[in-house]
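Structural characterization, general
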Amino acid sequence: MFIRTRDGLPVKSISDYGGEDEVIAPPGTALRCIRVQQRGSGFAYRPTVYLVAEDLVAEAEADSLRSGDEIDGRVLAGLDPNSEIV
């Protein structure tokens, strides 16, 4: 699962293991699913789900309207706009 949000507590700030890259999202965080990437098949099937905080979605949409550009899940997730969405 991939979550992009401004809120949250970095796990490494409360962990004995400094290399951890996870963030604890606060309860009630409004998230929007912008992409589901299929990974594997059969028993090993594990999709990657991309979630973005609603406030970031609103900002991206407002910026897009001002600039006249199209926006999609790749831009919202901070991914390469040329990457393929499955």
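Located above this text is the structure these notes cover.
This part is about the overall build of the protein chain. Counting its regular elements, the protein chain contains 2 helices and 5 strands. Burial status across the protein chain gives 20% buried among its 86 residues. Just so you have it, the protein chain exposes about 6300 Å², and 52% of that area is on carbon and sulfur atoms.

What follows deals with the packing of aromatic side chains. Going through the model one piece at a time under the given rule, you end up with 1 aromatic pair. Centre to centre, the rings of F2 and Y50 are 5.2 Å apart; their planes meet at 50°, and the pair counts as tilted. One end of the pair, F2, is in strand β1 (residues 2-4); the other, Y50, is in strand β5 (residues 48-53), with 48 residues separating them in the sequence. Its relative accessible area of 29% is what places F2 among the partly exposed residues. Residue classification places Y50 among the buried positions, given a relative accessible area of 9%.

Let's shift gears to the environment of R39. Residue position: R39 is located in the loop between β4 (31-37) and β5. A relative accessible area of 40% means that R39 is categorised as partly exposed. Non-local contacts of R39, meaning those with residues more than four positions away in its chain, are made with A44, Y45, R46, P47, T48 and Y50.

Okay, the layout of surface pockets next. Here the largest pocket is characterised by a volume of approximately 150 Å³. Lining the largest pocket are M1, F2, I3, T5, V23 and A25.

Once that is clear, we can look at a nonpolar patch on the surface. Taken together, the side chains of L9, I14 and I24 make up a nonpolar region of the molecular surface, amounting to roughly 270 Å² of accessible area. Structurally, L9 is set in strand β2 (residues 9-10).

So, about the nonpolar core. In a soluble, globular protein the nonpolar side chains are often hidden away together inside. Judged by nonpolar contacts, I34, Y50, V52, A53, L56 and V57 together constitute the single largest core of 6 residues. If you list the elements that add at least two residues to this core, you get β5 and α1 (54-67). Among the elements that take part in this core, β5 stands out by supplying 3 residues, more than any other.

Right, let's get into the sheet that holds β1. One open sheet accounts for 3 strands, arranged β1-β5-β4; its pairing is mixed. Strands at the two margins of the open sheet, each flanked by one partner only, are β1 and β4. Strand after strand, the sheet turns through a mean of 20° between neighbouring axes, direction not considered. Two strands pair when backbone bridges link them, and β4 and β5 are joined in this way by 6 bridges, in the antiparallel orientation. Considered in β5, the bridge of R32 is made with V52.

So, how was this worked out
- Residues numbered from 1 in each chain as written.
- Predicted model: local features only at pLDDT ≥ 70, side-chain atom pairs only at ≥ 80, totals over all residues.
- Heavy atoms only, no water.
- Helix = DSSP H or I, 4+ residues; strand = E, 2+ residues; numbered from the N terminus.
- Buried < 20%, exposed > 50% of the residue type's maximum accessible area, 1.4 Å probe, protein only.
- Areas by Shrake-Rupley, 256 points an atom, 1.4 Å probe, with all protein chains shown as cover.
- Phe/Tyr/Trp six-rings, centres within 6.5 Å; stacked < 30°, edge-to-face > 60°.
- Contact = heavy atoms within 4.5 Å.
- 1 Å grid on protein atoms, 1.4 Å probe; cavity = no way out; pocket = protein on both sides within 12 Å on 5 of 7 lines; lining within 4 Å.
- Points joined across faces, edges and corners; volume = space filled by probe spheres on them.
- Patch = residues over 30% accessible without salt bridge, like charges linked within 9 Å, V, L, I, M, F, W, Y side chains within 5 Å.
- Salt bridge = Lys/Arg side-chain N within 4 Å of Asp/Glu carboxyl O.
- Core = buried A, V, L, I, M, F, W, Y, C linked by side-chain atoms within 4.5 Å.
- Pairing = 2+ DSSP bridges.
- Axes fitted to C-alpha atoms, helices over the stretch in contact; angles between N-to-C directions.

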